[in-house]
Amino acid sequence: GINAEYGKQWYQRRVRALVVLLIAGVYLLLTHGTGGVTEEQYSTEIKDKVVILCGASSGIGEQMAYQLATKQAKLLLVARTEYKLQKVKEEALKLGSPHVEILPFDFSDVENSKSVIDKAMEVFGKIDYLVLNHASMTYGLFLEFPKHQEPSFVERIFKINVFSNIQLTLAVLPHLEKSGGHLFITSSLTGEAPAVSMDLYSSTKHALNGFFYSLQQELLAKKSNVGLTIGALGFVLTNDNKVVLGDDVKHIPTVFVGNAPDCATDMIDSLITRPRTYTYPATAGVFMRVMWYFNPWYHEMFSGMMMKGKTYDEQKKITEKMHAKAATLDYQSGNY
């Protein structure tokens, strides 16, 4: 009777769990996207190649600039803050890049996005890779920060995180067709599974995924020689994130935390291996996707995790502190 029915349900739950884990394992293998790149490949695929690196003044982009420099790539470094770009340029030249140019640019100026591509063509005469790594991160509970709700602010975030990526891609595609080059789009796992207090950021990453996965299919249908990788990044511990989160970093399970140098290495490898999706950290990718697609209580579970057992008002105070720290990095004003 009852025991038999309970046993049947217990068995069915365990079978579903095993199927989910199997699917997750296969998905991880298909979407991690890097590995096996040799020094010979770096020599032929990276050395003397022209890379436009957007969002190059700090974090993952800065680490990519340094690693590409050691592999003797030619670089156009693009970001908003000139003095930061200058420091990265000087270090990249020391590390071995034969030619580094910088271009201070505000990516909310969508109409002039093409000037980035024009600059690369003017200086180098060709483009092999475009890495769209720039983004504006907004911290805080959306309902508690009136500025985040202003249409002009929302529009600015979408201009930086979405519209500029589309226009840069349209401008660069003819040049990448000539070189057989590759595009890397830095998206986020929150573009697949949303997270509380990341409303605007998550929504822009959903938009990125929608557009660029569709474009990926169109390039395949066209039989284009241009590759396109979408990076599904989880939490990467950059210096800026350390400033914003402070001691709260210690509460994040280490298996879900990535570091900027390793992520940068994998993103460079993706320019060679050309996966359709690159996931980092891999463990975080499996966890979030399994929970989002197979757990009907995802919202309750993830909200509880993000709230860390605190009340809404307590969490509001924490995010206000994060907001204040982030403002020192210009993130809250829609910059990067």
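One can find the structure itself at the top, above this paragraph.
Residues numbered from 1 in each chain as written. Predicted model: local features only at pLDDT ≥ 70, side-chain atom pairs only at ≥ 80, totals over all residues. Heavy atoms only, no water.

A.B. asks: Report on the overall build of the protein chain, specifying residues and quantitative values.
C.D. replies: The number of helices and strands found in the protein chain is 13 helices and nine strands. Counting every position in the protein chain, which comprises 336 residues, the buried fraction comes to 48%. In the protein chain, the proportion of contacts linking residues at least 24 apart, taken out of those at least 6 apart, comes to 74%. Total accessible area computed for the protein chain in this model is approximately 16000 Å², and 57% of it derives from carbon and sulfur atoms. (Helix = DSSP H or I, 4+ residues; strand = E, 2+ residues; numbered from the N terminus. Buried < 20%, exposed > 50% of the residue type's maximum accessible area, 1.4 Å probe, protein only. Contact = heavy atoms within 4.5 Å. Areas by Shrake-Rupley, 256 points an atom, 1.4 Å probe, with all protein chains shown as cover.)

A.B. asks: With reference to specific residues and values, describe the packing of helix H3 (residues 59-70) against helix H4 (residues 82-95).
C.D. replies: Contact pair H3 / H4: the axes reach a minimum separation of 7 Å and the direction vectors enclose 25°. The angle between H3 and H4 falls in the class roughly parallel. Viewed along their axes, H3 and H4 form a crossing whose handedness is right-handed. Contacts between H3 and H4 involve Glu62, Ala65, Tyr66, Ala69 and Thr70 on the former and, on the latter, Val88, Glu91, Ala92 and Leu95. Residue classes in the contact of H3 with H4 are distributed as six nonpolar, one polar and two charged. (Axes fitted to C-alpha atoms, helices over the stretch in contact; angles between N-to-C directions. Parallel < 35°, antiparallel > 145°, perpendicular 65-115°, else oblique. Left-handed = near helix turned anticlockwise from the far one by under 90°. Nonpolar A, V, L, I, M, F, W, Y, C, P; charged D, E, K, R; others polar.)

A.B. asks: Quick one: what's the story with the sheet that holds strand S3 (residues 100-104), residue by residue and with numbers?
C.D. replies: Taken in spatial order, the seven strands line up as S3-S2-S1-S4-S5-S6-S9 in an open sheet, and their pairing is parallel. Every other strand in the sheet has two partners, leaving S3 and strand S9 (277-280) as the edge strands with one partner each. When the angles between neighbouring strand axes are averaged without regard to direction, this sheet yields 15°. For strand S6 (residues 227-233) and S9, the ladder comprises four bridges, and the chain directions are parallel. Along S9, the bridge assignment pairs Leu233 with Tyr280. Sitting on the sheet, helix H10 (residues 260-273) is in contact with strand S4 (129-132), strand S5 (182-188), S6 and S9, with an inclination near 170° to S9. (Pairing = 2+ DSSP bridges.)

A.B. asks: How would you explain helix H5 (residues 114-124) if you had to name every residue and give the values?
C.D. replies: Note on helix geometry: an α-helix contains 3.6 residues per turn, so any two residues three or four positions apart are oriented the same way. Listing the buried residues of H5 in full gives Val116, Ile117, Ala120 and Phe124. With its buried residues spanning 95° around the axis, H5 presents them on a single face. At its buried positions, H5 is contacted by strand S1 (50-54), strand S2 (74-79), S3 and helix H7 (151-179). At the exit of H5 stands Gly125, carrying a positive phi of roughly 80°. (Arc of directions from axis to C-beta.)

A.B. asks: Outline the nonpolar core, supporting the account with residue identities and numerical values.
C.D. replies: Counting residues in each nonpolar core, the largest one holds 35 residues, and the members touching the most others are Ile60, Leu75, Leu77 and Met267. Those elements that place two or more of their residues in this core are S1, H3, S2, H4, S3, S4, H10 and S9. Contacts of Met267, omitting those with residues within four sequence positions, involve Ile60, Met64, Val131, Asn133, Phe184, Thr186, Leu233 and Tyr278. Within the second largest apolar cluster, 30 residues are counted, among which are Ala120, Ala171, Leu173 and Ile185. (Core = buried A, V, L, I, M, F, W, Y, C linked by side-chain atoms within 4.5 Å.)

A.B. asks: Quick rundown of the pairing of S3? Include the residues and the values.
C.D. replies: In this sheet, S3 lies alongside S2 in parallel orientation, the contact comprising five bridges. From the neighbouring strand, Leu77 faces S3, where its bridge partner is Ile102. Once the chain exits S2 it traverses H4 before rejoining the sheet at S3, and the crossover so formed is right-handed. (Right-handed = clockwise from strand over helix to strand, strands pointing away.)

A.B. asks: Tell me what's going on with the packing of H5 against H7, and back it up with residues and numbers.
C.D. replies: It is at 8 Å that the axes of H5 and H7 come closest, and there the two elements cross at 30°. What the angle tells us is that H5 and H7 run roughly parallel. For the pair formed by H5 and H7, the contact residues are Lys114, Val116, Ile117 and Met121 on the first element and Leu168, Ala171, Val172 and His175 on the second. Partitioned by chemical class, the residues of the contact of H5 with H7 number six nonpolar, one polar and one charged.

A.B. asks: A description of the side chain of Lys205 should follow, citing residues and the corresponding values.
C.D. replies: By secondary structure assignment, the location of Lys205 is in helix H8 (residues 199-222). Buried within the structure, Lys205 lacks any salt-bridge partner; its nearest side chain of opposite charge belongs to Glu192, at an N-O separation of 12 Å. Polar side-chain contacts of Lys205 include one of 2.9 Å to the backbone oxygen of Thr186. Not counting the four nearest positions on each side in its chain, Lys205 is found in contact with Ala135, Thr186, Ser187, Ser188, Thr190 and Gly191. (Lys, Arg positive; Asp, Glu negative; His and termini not counted. Salt bridge = Lys/Arg side-chain N within 4 Å of Asp/Glu carboxyl O. Polar contact = N/O pair within 3.5 Å; in protein donor to acceptor, adjacent residues only side chain to side chain.)

Limitation: the analysis is restricted to geometry and does not speak to function.
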